[in-house]
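Listed below are the residues making up each chain.
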Amino acid sequence: MTSKKYVSPMVCGFGAAVLSIIPGFKAFACCLIVPFAAFFSLSLDRRINKISGKVSSRQAVTFGLLTGLFSALFATAFDILLTFLTHTNDFTSSLPQTEALLRSYNLGTLLEQSMHILKKMAKDINNYGFSTLYTISMLMSNLIINSVFGLIGGLLGTSYINKRNKMTL
């Protein structure tokens, strides 16, 4: 394997992570940004390595998965850094609305235990700028969601690239 084999998933994952922390784009991170980043990752790899011909499903899965993983790692790191610097984030600012919504479901003791944990996370973020539980949950969530959507983007990107190659032949 060459040293530049997986540069494009890292670069595109980094770009997706940067876009996913911008407030207006945050809502589209999983559904649009990460799949497009996986597609661009495949395209960039083909240009860097001067590859022509069909893209294999294996390469699509690998690049989609890697783009999603890199995106998740970088996005979590950026979120944690911004939270540490500002001592606040979307989680702490939306906690009162979350509590009101959960209380409307009448969950009883389960709600009280959940709210105790959520309030402790918010208190740690407000006091120290960091919460271990928040970091772990954010990382796990990002890893799962971004990997799945990166995989989808890689497979859709392969379909598009292979169709385009048929047309140019």
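The structure presented is a predicted model; accordingly, all values stated were derived computationally and were not measured.

J.: Honestly, the packing of aromatic side chains in this entry has me stumped. Any pointers?
T.: How two aromatic rings sit relative to each other is given by the distance of their centres and the angle of their planes. Under the defined criterion, the tally for this structure stands at 8 aromatic pairs. Relative to Phe78, the ring of Phe74 lies with its centre 6.4 Å away and its plane at 20°, an arrangement referred to as stacked. Residue Phe74 and its partner Phe78 are both found in helix H3 (residues 57-86); the two are separated by 4 residues, about one turn of the helix. Joined through ring pairs, the aromatic side chains of Phe14, Phe70, Phe74 and Phe78 make up one cluster.

J.: Honestly, the environment of Lys163 in this entry has me stumped. Any pointers?
T.: Looking at the secondary structure, you find Lys163 in helix H6 (residues 132-168). Note: C-alpha distance between Lys163 and Thr92 (71 residues apart in sequence) is 46 Å.

J.: Would you explain the packing of helix H2 (residues 29-48) against H3 in this entry?
T.: Between two packed helices, the angle of one axis relative to the other and the distance separating the axes together describe the packing. Axis separation between H2 and H3 bottoms out at 9 Å; the angle between their running directions is 125°. As the angle between them shows, H2 and H3 are arranged oblique. Crossing of H2 over H3 shows right-handed handedness. Counting all contacts with H2, which are made through Val34, Ala37, Ala38, Ser41, Leu42 and Asp45, the residues of H3 involved are Gln59, Ala60, Phe63, Gly64, Thr67, Gly68 and Ser71. Of the residues assigned to the contact of H2 with H3, the class counts are 6 nonpolar, 6 polar and 1 charged.

So, how was this worked out
- Residues numbered from 1 in each chain as written.
- Predicted model: local features only at pLDDT ≥ 70, side-chain atom pairs only at ≥ 80, totals over all residues.
- Heavy atoms only, no water.
- Phe/Tyr/Trp six-rings, centres within 6.5 Å; stacked < 30°, edge-to-face > 60°.
- Helix = DSSP H or I, 4+ residues; strand = E, 2+ residues; numbered from the N terminus.
- Axes fitted to C-alpha atoms, helices over the stretch in contact; angles between N-to-C directions.
- Parallel < 35°, antiparallel > 145°, perpendicular 65-115°, else oblique.
- Left-handed = near helix turned anticlockwise from the far one by under 90°.
- Contact = heavy atoms within 4.5 Å.
- Nonpolar A, V, L, I, M, F, W, Y, C, P; charged D, E, K, R; others polar.

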